[in-house]
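Topology and contacts: notes
Residues per chain are reported as follows:
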Amino acid sequence: MKVRYSYLKQQFSNCDDLWKNLKKFVLTEDFTLGKPLKKFEDSFAKLIGTKYAVGVNSGTDALKISLKCIGVKSGDEVITAANTFVATVGGILELGAIPVFVDCDDTFCLDVNKIKKKISKKTKAIIPVHFTGYMTNMPELMKISKKYRVPIIEDACQSILGEINKKKAGTWGELSAFSLHPLKNINVWSDGGIITTDNKKHYQKLLLLRNHGLIDRDTVKIPGYNSRLDTIQAVVGNWILPKAKKIANTRIKNANYYDKHLSKINSIRIPNRPKNFKIVYHLYIVFAKKRDALLKYCLKKGIEAKVHYPKPMYLQNFLKNLKHKKGDFPVTDAHTKSIITFPCDQHLTKKQLDYVISTVKEFYKKN
Ligand SMILES: *Cc1c(COP(=O)(O)O)cnc(C)c1O
């Protein structure tokens, strides 16, 4: 049996209504900052529960422009998670700022107990990464943010509709970044990103920053970027966004099913699942003994399992000027050897889930 990782074909195989919308849209000539974009932004803000949302051209730009919006500049320090995806770090570096890493814990999010030591006079922002669809411990992080007066920008790119105590990802920070990349839970047909905020001043500045700083066609108020979310992608977004809750809930159902069965295997450890967290499983990750052999076995059996990631960001060559060495972030390091990701998306069948479970069981019986 094949358990593929990408489900984009399934997601968009039955979307005649979307094609109809696109055909209609093309004839409006409304390609740049068009009406469907505003509609998408309003729906997104409503879904997350913020006053405003601003579409930009990627999740990376959502982070970069959020940092720019609060005045982060060259030489400033920005605290983030050592195990994150390159985009978080890229957004920081693009402004000339310096990423300061904090180790994660077994929820794959940064360990808020380790932050205080990293705060300095140069710290201008903290970016908690809600990695895999888990949530960073935001109640604790908000206390630290208040005490040290360092603003929070959430990297919510993997965690749309994630929650702690019923409060959603994207509503805690001063600004929050989401990605609409085809690999993310809410995907469009190319790159895309969106920023949420409750702050009107920030909102107005974001509108300028993403569009060259232009107030109108002939007046540039501030230096900005060309980072508009394509209106054609907003048309796709308007089609998929009403499905967001169902997508999250199906992923949660699949993950719970995996948890229930995989937890019976001694060599598998399921991460802690706090009751007051809503984890939306952009990635379904567990800890596995003999991980490399298990991964190989799964691949041989047609299951596209993965590792997110085998080499942590802090050890990547492009950051060698930060002079980090292996062992600086021991939890992140340990994860690289023990984590495995199984497909968990909304288009998997029960047969496929059962096949993953039985294949893992079979592996440990033989090994
Ligand atoms: C996907 C992702 C981003 C943004 O990626 P884009 O491809 O630029 O949309 C940022 N942070 C994390 C953790 C991500 O997974």
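From a predicted model like this one, the values you see are computed outputs, not experimental measurements. (Residues numbered from 1 in each chain as written. Predicted model: local features only at pLDDT ≥ 70, side-chain atom pairs only at ≥ 80, totals over all residues. Heavy atoms only, no water.)

**A short note on the pattern of salt bridges**
Let me state the cut-off plainly: Salt-bridge detection follows one rule: a side-chain nitrogen of Lys or Arg within 4 Å of a carboxyl oxygen of Asp or Glu. In DSSP terms, a helix is any run of H or I states spanning at least four residues, a strand is any run of E spanning at least two, and both are numbered starting from the N terminus. Type-normalised accessible area, obtained with a 1.4 Å probe on protein chains alone, sets the label of each residue: buried when under 20%, exposed when over 50%, and partly exposed for intermediate values.
One pass over the full model with this rule turns up 18 salt bridges. A salt bridge links Glu 304 to Lys 2; its shortest N-O distance comes to 3.2 Å. Linking Glu 304 in the loop between helix 10 (291–300) and helix 11 (330–338) with Lys 2 in the segment before helix 1 (8–11), this pair joins segments that are 302 residues apart in sequence. You can call Glu 304 partly exposed: its relative accessible area is 29%. If you follow the salt bridges from partner to partner, you end up with Asp 61, Lys 64 and Glu 94 in one network.

**Details of the domain arrangement of the protein**
To keep things clear, this is the line we draw: For the domain bounds, the source is a domain assignment made automatically or taken from a database. Throughout, buried area stands for the accessible area (probe radius 1.4 Å) lost by two parts on being put together, summed over both. Throughout, the ten residues Ala, Val, Leu, Ile, Met, Phe, Trp, Tyr, Cys and Pro are labelled nonpolar, Asp, Glu, Lys and Arg are labelled charged, and all others, Gly among them, are labelled polar.
Annotation of the protein at the domain level lists domain 1 (8–243) and domain 2 (244–366). Summed over both partners, the interface of domain 1 with domain 2 buries about 3,300 Å², with 64% contributed by carbon and sulfur atoms. The tally of links from domain 1 across to domain 2 stands at one salt bridge. Note that Arg 269 is salt-bridged to Asp 106, the shortest N-O span being 3.2 Å. Contributions of two or more residues to the side of domain 1 that touches domain 2 are made by helix 1, helix 5 (86–93), strand 3 (98–102) and strand 6 (163–164). Ranked by residue count, the leading element in the side of domain 1 that touches domain 2 is strand 3, at four residues. Residues belonging to the side of domain 1 that touches domain 2 are distributed by class as follows: 23 nonpolar, 11 polar and eight charged.

**A word on the packing of helix 9 (residues 244–262) against helix 12 (residues 350–366)**
The angle between the axes and the distance between the axes are what describe a pair of packed helices. Basically, it comes down to this: Axes here refer to lines fitted to C-alpha atoms; in helices the fit is confined to the stretch in contact. Angles between the N-to-C directions go from 0 to 180 degrees. Convention used here: angles under 35 degrees read as roughly parallel, angles over 145 as roughly antiparallel, angles from 65 to 115 as roughly perpendicular, and any remaining angle as oblique. In this scheme the crossing of two helices becomes right-handed for a clockwise turn of the near helix relative to the far one and left-handed for an anticlockwise turn of less than a right angle. Contacts: residue pairs with any heavy atoms within 4.5 Å of one another.
Taken N-terminus to C-terminus, the directions of helix 9 and helix 12 make an angle of 30 degrees; their axes are 10 Å apart at the nearest point. In terms of their interaxial angle, helix 9 and helix 12 are classed as roughly parallel. Classified by chirality, the crossing of helix 12 by helix 9 is right-handed. Packed against helix 9, whose contacting residues are Asn 254, Tyr 257, Tyr 258, His 261 and Leu 262, the element helix 12 presents Lys 350, Leu 353, Asp 354, Val 356, Ile 357 and Val 360 at the interface.

**Details of the sheet that holds strand 4 (residues 123–127)**
Quick note on the threshold: Pairing between two strands is assigned when DSSP locates at least 2 bridges connecting them.
Ordered in space as 3-2-4, the three strands form an open sheet in which the pairing is parallel. Every interior strand has two partners, whereas the edge strands, strand 3 and strand 4, have only one. Within the sheet, the average angular offset between the axes of one strand and its neighbour, ignoring direction, is 30 degrees. Sheet topology places strand 2 (residues 77–81) next to strand 4; four bridges connect them, and they run parallel. By the bridge assignment for strand 4, Val 78 is matched with Ala 125. Running over the sheet, helix 5 touches strand 2, strand 3 and strand 4 and is turned about 145 degrees from strand 3.

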